Amino acid sequence: MQLSQKCTLGNGKVYVISAPSGGGKTTLVEGLMAHDPHVTRAVTHTTRAPREGEENGVHYHFASKEEFIAMVDRGEFLEYAEVFGNLYGTSLWEVEKHTRSGKDVVLVIDWQGAASVKKIMPEAELIFILPPSLEALEERLSSRNQDDPAVIAKRMADAVNQIKHYEKFDYVVINDDFERALSDLREIFHVNRLRTAYQQVKNSELLTTLLERPSSAI
């Protein structure tokens, strides 16, 4: 895992959501964005081939290995890593273009990437999605019909390793019932928007007005 220089953020907050493969993180993030127009996802760059139905620039920014390495050399990534033989990375410009406009940005990356982001961006919120059981996770992976049994076995082994690191995260959401998990996720975003630093920007005019009245007049 590598990390480049810290990016400049606006009022938008950065959230990292991690989960083992099949944990439901993608579906939950899509549900979150459908309910909250102030949340957007940082589209990751990857060298893996597109799966059926995936669109370039929507699900991922698909790039050749040569293109990806060139971006690394130019320092364009906030973080990047190799996963199952493919390279994945979050570009600085992808994050900045949203946070500068005040939107909260979701990074869907693994625990190593989450730890790296937190190290240079302590204000980032880390959320880990847990499955209700390993049996349920394996069933979800099998039902996708995207991988053969050997790949599923590899993903299950990786899932156990991923779950071992849940304590490094700020929040844990158990994805047993989807609607409940989505509600929990939405609540995390709502509560963080009540923080003083966020309100100072969002309600700056109100705060200025409230403080304009001289204390002697009270």
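Residues numbered from 1 in each chain as written. Predicted model: local features only at pLDDT ≥ 70, side-chain atom pairs only at ≥ 80, totals over all residues. Heavy atoms only, no water.

- The name given to the chain in an unreviewed UniProt entry is Guanylate kinase, with Ignatzschineria cameli as the source organism.
- Under the UniProt heading Subcellular location (unreviewed entry), the note attached to the chain is "Cytoplasm".
- Regarding the chain, the relevant UniProt record gives this comment under Function (unreviewed entry): "Essential for recycling GMP and indirectly, cGMP." (UniProt positions renumbered as here; feature names shortened; annotations may be inferred.)

1. Section: helix α3 (residues 92-99)
So, step 1. Along α3, six of the eight residues are buried, which leaves the element largely enclosed by surrounding structure.
So, step 2. Burial in α3 covers these residues: Leu92, Glu94, Val95, Glu96, His98 and Thr99.
So, step 3. Against the buried residues of α3 lie β2 (14-18), β3 (39-41), β5 (61-62), β6 (77-83), β7 (86-91) and β8 (104-108). (Buried < 20%, exposed > 50% of the residue type's maximum accessible area, 1.4 Å probe, protein only. Helix = DSSP H or I, 4+ residues; strand = E, 2+ residues; numbered from the N terminus. Contact = heavy atoms within 4.5 Å.)

2. Some details on the packing of helix α1 (residues 25-35) against helix α7 (residues 178-192)
So, step 1. Where α1 contacts α7, the axes come no closer than 10 Å and their chain directions differ by 60 degrees. As judged from the angle between their axes, α1 and α7 are oblique. Here α1 runs over α7; the crossing is right-handed. Contact with α1, carried on its side by Thr27, Leu28, Gly31, Leu32 and His35, involves Phe178, Ala181, Leu182, Leu185, Arg186 and Phe189 of α7 and no other residues of that element.
So, step 2. Split by residue class, the contact of α1 with α7 holds seven nonpolar, three polar and one charged. (Axes fitted to C-alpha atoms, helices over the stretch in contact; angles between N-to-C directions. Parallel < 35°, antiparallel > 145°, perpendicular 65-115°, else oblique. Left-handed = near helix turned anticlockwise from the far one by under 90°. Nonpolar A, V, L, I, M, F, W, Y, C, P; charged D, E, K, R; others polar.)

3. A short note on the nonpolar core
As a rule of thumb, nonpolar side chains are buried together in soluble globular proteins.
So, step 1. Val16, Leu78, Leu107 and Val117 are the most contacted members of the largest nonpolar core, which totals 19 residues.
So, step 2. Mapped by element, the contributors of at least two residues to this core are β2, α3, β8, α4 (111-120) and β9 (125-130).
So, step 3. Apart from the residues within four sequence positions on either side, Leu107 is in contact with Val14, Tyr15, Val16, Ile17, Ala42, Leu78, Thr90, Val95 and Val117.
So, step 4. If you look at the next biggest cluster of nonpolar residues, it comprises 17 residues, including Leu28, Val29, Val39 and Phe189. (Core = buried A, V, L, I, M, F, W, Y, C linked by side-chain atoms within 4.5 Å.)

4. Structural notes on the pattern of salt bridges
A side chain of one charge can pair with a side chain of the opposite charge when the charged atoms of the two come close.
So, step 1. One pass over the structure, following the stated rule, counts nine salt bridges.
So, step 2. Across the salt bridge formed by Glu54 and Arg48, the nearest N and O atoms sit 2.9 Å from each other.
So, step 3. When the shortest N-O distance is used, the salt bridge between Arg74 and Glu76 registers 2.4 Å.
So, step 4. According to the relative accessible area criterion, Arg74 is exposed, its value standing at 55%. (Salt bridge = Lys/Arg side-chain N within 4 Å of Asp/Glu carboxyl O.)

5. Remarks on the UniProt feature "binding site: ATP" (unreviewed entry) in the chain
So, step 1. According to UniProt, the feature "binding site: ATP" (unreviewed entry) maps to Ala19, Pro20, Ser21, Gly22, Gly23, Gly24, Lys25 and Thr26 in the numbering used here. Of the annotated set, the members that line the largest pocket are Ala19, Pro20, Ser21, Gly22, Gly23, Gly24, Lys25 and Thr26.
So, step 2. The topology assignment puts Pro20 in the loop between β2 and α1.
So, step 3. Not counting residues up to four positions away in its chain, the partners in contact with Pro20 are Lys25, Phe128, Ile129, Pro131, Leu137, Ala159, Gln162 and Ile163.
So, step 4. Along the chain, the position of Ser21 falls in the loop between β2 and α1.
So, step 5. Looking at Ser21, the relative accessible area reads 15%, which means it is buried. (1 Å grid on protein atoms, 1.4 Å probe; cavity = no way out; pocket = protein on both sides within 12 Å on 5 of 7 lines; lining within 4 Å.)

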